[in-house]
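# What the coordinates show
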Amino acid sequence: MRECGKLAVAQVRPALGDIAQNAEKHIEWITKARDRGAQLVVFPELGLTGYQVQDLTLEVARRLNDPEIVRVVDASRGIDAVFSFVEESDEHLFYVAAVYAKDGEVAAVHRKVYLPTYGMFDEGRYFARGNRFAAFSGRFGRTGMLICEDAWHVTSPYLLALDGASLLLVPSSSPARSVGEQDRFGSQSFWRQLLQVYARLFGAYVVFANRVGFEDGVNFFGGSFVLAPDGEFTAEGSVLEEALLLADVDIRAVRRIRYTTPLLRDERMDLVRAELDRIRAGNGGVQS
Amino acid sequence: MKPAIRERLALNTDLTVATLTAFIREETEKAGFQRVVLGLSGGIDSALAAYLAVRALGAERVQAVLMPYKTSSPASLGDARAVVDDLGMPSLVVPVTAQVDAYFEMMDDLIGPSTPLRRGNKMARERMSILFDLSAHLGALVLGTSNKTELLLGYGTQFGDMASALNPIGDLYKCQVRQLAAAVGVPQAILDKAPSADLWQDQTDEKELGFTYDDADEILYQLVDQRLSVSELVELGYDQELVRRLAERIRRNQYKRRTPVIAKVSGRTIGIDFRYLRDWGL
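We now turn to the structure provided with this report. Since we're looking at a predicted model, the values are computed, not measured.

## A closer look at the overall build of chain B
Secondary structure assignment for chain B yields 13 helices and four strands. Against the globule reference of 19 Å for 282 residues, chain B gives a C-alpha radius of gyration of 20 Å, in line with a compact fold. Dimensions of chain B, computed from the C-alpha atoms along their principal axes, are close to 55 × 55 × 50 Å. Out of the 282 residues in chain B, the part that is buried amounts to 50%. A sequence separation of at least 24 residues applies to 74% of the contacts in chain B between residues at least 6 apart. Carbon and sulfur atoms form 54% of the exposed surface of chain B, whose accessible area is close to 13500 Å². For chain B, the distance from the average site of its 33 positive side-chain charges to the average site of its 37 negative ones is 5 Å.

## Quick look at the environment of Asp-215 of chain B
Here Asp-215 of chain B is to be found in helix α11 (residues 213–225). When the C-alpha positions of Asp-215 of chain B and Met-1 of chain B are compared, they lie 6.5 Å apart, and in sequence the two are 214 residues distant.

## Points about the interface of chain B and chain A
Counting residues at the interface gives 24 residues for chain B and 26 residues for chain A. Three residues, Leu-15, Arg-275 and Leu-277 of chain B, lead the burial of chain B against chain A; their summed loss comes to 31% of the area buried on that side. Seen at the junction of chain B and chain A, the total is three salt bridges. Inspection of the region where chain B meets chain A yields 17 residue pairs in polar contact (both at pLDDT 80 or more). Counting residues per element, the side of chain B that touches chain A draws most heavily on helix α2 (residues 13–30) of chain B, which supplies nine residues.

## Things to note about helix α5 (residues 97–111) of chain B
Residues and elements named next belong to chain B. For α5, spanning 15 residues, the distance from its first C-alpha to its last is 20 Å, which sits close to the expected 21 Å at 1.5 Å a residue. Among the residues of α5, those classed as buried are Thr-97, Val-100, Phe-104 and Met-107. The buried residues of α5 occupy one face: seen down the axis, they fall within an arc of 115°. More than 90 degrees from the buried face of α5, the exposed residues found are Ala-98, Glu-105, Asp-109 and Leu-110. Against α6 (116–138) lie the buried residues of α5. With its phi angle positive at about 100°, Gly-112 sits one or two positions after the end of α5.

## So, the sheet that holds strand β12 (residues 225–227) of chain A
All names here are of chain A. Taken in spatial order, the six strands make up an open sheet running β6-β7-β8-β9-β12-β13, and their pairing is mixed. Whereas interior strands pair on both sides, the edge strands pair on one side only; in this sheet they are β6 (136–138) and β13 (233–236). Between one strand and the next, the sheet's axes are offset by a mean angle of 25°, whatever the strand orientation. Here three bridges tie strand β9 (residues 205–210) to β12, and the two strands are oriented antiparallel to one another. Following the sheet pairing, Phe-208 is matched in β12 by Phe-225.

## Things to note about a nonpolar patch on the surface
Together, Ile-262, Ile-270, Phe-274 and Trp-280 of chain B give the surface a local cluster of nonpolar side chains, amounting to about 390 Å² of exposed area. Phe-274 of chain B sits in the partly exposed class, given a relative accessible area of 34%.

## Observations regarding α11 of chain B
One full turn of an α-helix is made of 3.6 residues, so residues set three or four places apart face in the same direction. Residue and element names in this part refer to chain B. Among all positions of α11, only Tyr-213, Ala-216, Asp-217, Glu-218, Ile-219, Leu-220, Tyr-221, Gln-222 and Leu-223 are buried. If you follow the buried residues of α11, they end up packed against α1 (3–9), α7 (148–153), α8 (174–184), α10 (205–209), α12 (230–235) and α13 (240–252). A positive phi of about 60° marks Arg-227, the residue just after α11.

## So, the packing of α2 of chain B against helix α3 (residues 44–57) of chain B
Residues and elements named next belong to chain B. The N-to-C vectors of α2 and α3 enclose an angle of 65°; their axes lie 8 Å apart at closest approach. By the criterion of interaxial angle, the relationship of α2 to α3 is roughly perpendicular. For α2 against α3, the interelement crossing comes out right-handed. Between α2 and α3, the residues in contact are Val-17, Leu-20, Thr-21, Ile-24, Arg-25 and Glu-29 and Leu-52, Ala-53, Arg-55, Ala-56 and Leu-57, respectively. Across the contact of α2 with α3, the residue classes tally to seven nonpolar, one polar and three charged.

## Examining the environment of Gly-185 of chain B
Take Gly-185 of chain B: it is sitting in the loop between α8 and α9 (188–192). Separated by 99 residues in the primary sequence, Gly-185 of chain B and Asp-86 of chain B have C-alpha atoms spaced 9.3 Å apart.

## Considerations on the pattern of salt bridges
Within the structure shown, the criterion is met by 36 salt bridges over all chains. With a shortest N-O distance of 4.0 Å, Lys-102 of chain A and Asp-103 of chain A are connected by a salt bridge. When its relative accessible area of 43% is taken as the criterion, Asp-103 of chain A is described as partly exposed. Glu-27 of chain B is paired through a salt bridge with Lys-30 of chain B; the nearest N and O atoms lie 3.8 Å apart. Of the two residues, Glu-27 of chain B and Lys-30 of chain B are both situated in helix α2; the distance of three residues between them amounts to about one turn of the helix. The exposure class assigned to Lys-30 of chain B is partly exposed, which follows from its relative accessible area of 25%.

## Here's the deal with the sheet that holds strand β1 (residues 35–39) of chain B
Residue and element names in this part refer to chain B. With parallel pairing, the four strands of this open sheet are ordered in space as β3-β2-β1-β4. Of all strands in the sheet, those with a lone pairing partner are β3 (91–93) and β4 (140–142), marking the two edges. Between one strand axis and the next, the sheet turns through 25° on average, direction left out of account. Where β1 lies against β4, three bridges are found, and the strand directions are parallel. From the neighbouring strand, Val-37 faces β4, where its bridge partner is Val-142. In the packing of α3 onto the sheet, the strands contacted are β1 and β2 (62–66), and the crossing angle to β1 comes to about 170°.

## Some remarks on the nonpolar core
Grouped together as the largest cluster of nonpolar side chains are 74 residues, with contacts concentrated most on Leu-7, Leu-40, Leu-169, Trp-191 and Leu-195 of chain A. Here this core takes six residues from helix α6 (residues 186–202) of chain A, the largest share from any one element. Aside from chain neighbours lying at most four places away, what touches Trp-191 of chain A is Cys-148, Ala-151, Trp-152, Val-170, Ser-172, Ser-174, Phe-208, Phe-221 and Phe-225 of chain A. Among the nonpolar cores identified, the runner-up in size contains 43 residues, and Ala-50, Leu-66, Leu-141 and Ile-190 of chain B belong to it.

## With respect to the packing of aromatic side chains
Per the stated rule, a full pass over the model turns up 21 aromatic pairs over all chains. Seen in terms of ring centroids, Tyr-100 of chain A and Phe-136 of chain A are 5.0 Å apart; in terms of plane orientation they differ by 65°. Their pairing is edge-to-face. Linking Tyr-100 of chain A in strand β4 (residues 94–102) with Phe-136 of chain A in strand β6, this pair joins segments that are 36 residues apart in sequence. Taking relative accessible area as the criterion, Tyr-100 of chain A reaches 0% and is therefore assigned buried. On the numbers, 5.6 Å between centres and 75° between planes, the contact of Tyr-118 of chain A with Phe-121 of chain A is edge-to-face. Since its relative accessible area comes to 9%, Phe-121 of chain A is described here as buried. An aromatic cluster is present here, built from Trp-152, Phe-185, Phe-190, Trp-191, Phe-208, Phe-221, Phe-225 and Phe-233 of chain A joined pairwise through their rings. Directly above the aromatic system of Phe-233 of chain A lies the positively charged group of Arg-192 of chain A, at a separation of 4.1 Å from the ring centroid. Positioned over the ring face of Tyr-103 of chain B is Lys-122 of chain B, at 4.1 Å from the centre of the ring.

About the criteria used
Residues numbered from 1 in each chain as written. Chains lettered and ligands numbered in written order. Predicted model: local features only at pLDDT ≥ 70, side-chain atom pairs only at ≥ 80, totals over all residues. Heavy atoms only, no water. Helix = DSSP H or I, 4+ residues; strand = E, 2+ residues; numbered from the N terminus. Rg over C-alpha atoms; globule rule 2.2 N^0.38 Å. Buried < 20%, exposed > 50% of the residue type's maximum accessible area, 1.4 Å probe, protein only. Contact = heavy atoms within 4.5 Å. Areas by Shrake-Rupley, 256 points an atom, 1.4 Å probe, with all protein chains shown as cover. Lys, Arg positive; Asp, Glu negative; His and termini not counted. Charge placed at Lys NZ, Arg CZ, Asp CG, Glu CD. Buried area = accessible area lost by both parts, 1.4 Å probe. Salt bridge = Lys/Arg side-chain N within 4 Å of Asp/Glu carboxyl O. Polar contact = N/O pair within 3.5 Å; in protein donor to acceptor, adjacent residues only side chain to side chain. Expected span 1.5 Å × (residues − 1). Arc of directions from axis to C-beta. Pairing = 2+ DSSP bridges. Axes fitted to C-alpha atoms, helices over the stretch in contact; angles between N-to-C directions. Patch = residues over 30% accessible without salt bridge, like charges linked within 9 Å, V, L, I, M, F, W, Y side chains within 5 Å. Parallel < 35°, antiparallel > 145°, perpendicular 65-115°, else oblique. Left-handed = near helix turned anticlockwise from the far one by under 90°. Nonpolar A, V, L, I, M, F, W, Y, C, P; charged D, E, K, R; others polar. Core = buried A, V, L, I, M, F, W, Y, C linked by side-chain atoms within 4.5 Å. Phe/Tyr/Trp six-rings, centres within 6.5 Å; stacked < 30°, edge-to-face > 60°. Lys NZ or Arg CZ within 6 Å of the ring centre and 35° of its normal.

Shown next as structure tokens:
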């Protein structure tokens, strides 16, 4: 594990349904990130397939051992790579998945748990839900992955932080919405505030890797960023265009923050579990 | 308009222009086209679309088409020419008088005198058919110029001015079109004049609709974007008759905003459970 280093965010514009072209770009950008000194590069949600795949799901779904996936995983030599695609399981269920590839191997897979199915989103129609948030060992220590909407549920980063993660990676396909008078999209402002709170509450590095490009008029805004554990933005990408973002990471900053503001230390898992049990046993909570 | 609503509808013009120009550029180029073609009426909507397209693609890749009818106001043609001159874009003047008059001469004999509605629709569809002809001739996508207010109210001709390949301004209310048009440099004469379909003399949109665009935008924004109900808006003090009329127009004109519905017979039906984006593979 490295304490200090550099990570990259590959803010790419995927072509809808064209895995070969997207995989080519991933491999090219992995090399570019490594050449620029990064030890980890994070790609957006569904960067290999495009976001609104709808009935293309059946065509673009891949297993972990399919050739295109193996090729991208194989490119993770000298640099770790996080990338995302539609993963088909042995049972032929289709997941929005992110792979953490390291030394040419799959080190971890996260299947998106929270599938937005409301308003402009329709993921629950096509995809199966993942069922766990688990941290794992990466280049910069304990790491966790949250795919886009996963991060809009406060319990997701909470679980990963309790599982030891000090680096949260958030591959996303977030559309620009609610243009107002501000110099940022409404959805962009929300992401910045949300993840800044997480960085501070959990004393963790947070990486927001958002794609760019249009799909039938829906505009994915980019605006990727990296947050240090004190909530400072250490790198910010432009909007509406492809960009390779670089940020320094120093895990010792996590140590200092978690000593200075030991919120994680003071968490009470037993209390949370007991209260969850009580709520479930009583009125069943909001989902009764 | 209440100041709070005006504030909610105000746009950051730089960010909006950046978004809409990226939209025009990317959606055009990834579909394999280098150019767009649009009808310039002399009004604010098509002028804004032209300024956005020229910013996105450069003037030489945006073809303007001016399609006057004999009763069109000369001032409209003059305003459209001012846009062409200001942007330095290629333009064509293709009058629709001969074909529209020939058609109604024949139809009036067959089925009796036409109405202004039918004549207006015919002109709009004639213009659409010219634009799509030029689309094939130039290898250019047709740019739409209907704004959100018109689309919601159904104040346009189905398969006429509502038809296009790409519409950069369809999610902008009329007041937002005005704000953006001023920001990109649309000539003052166009910004200042009363919006008109210019189908007959002294026609204005607001006279024909029976309400102002500002009033409509204020209520439509709350009905559509904020999902308030008619009764909630009436509680807030808006005129019940107007709110109801607008809500009813939205409902009644839904058909204009959709592709034709298809009777389901098979296991997989276009438009129902055959689901792909238009940007499939792009």
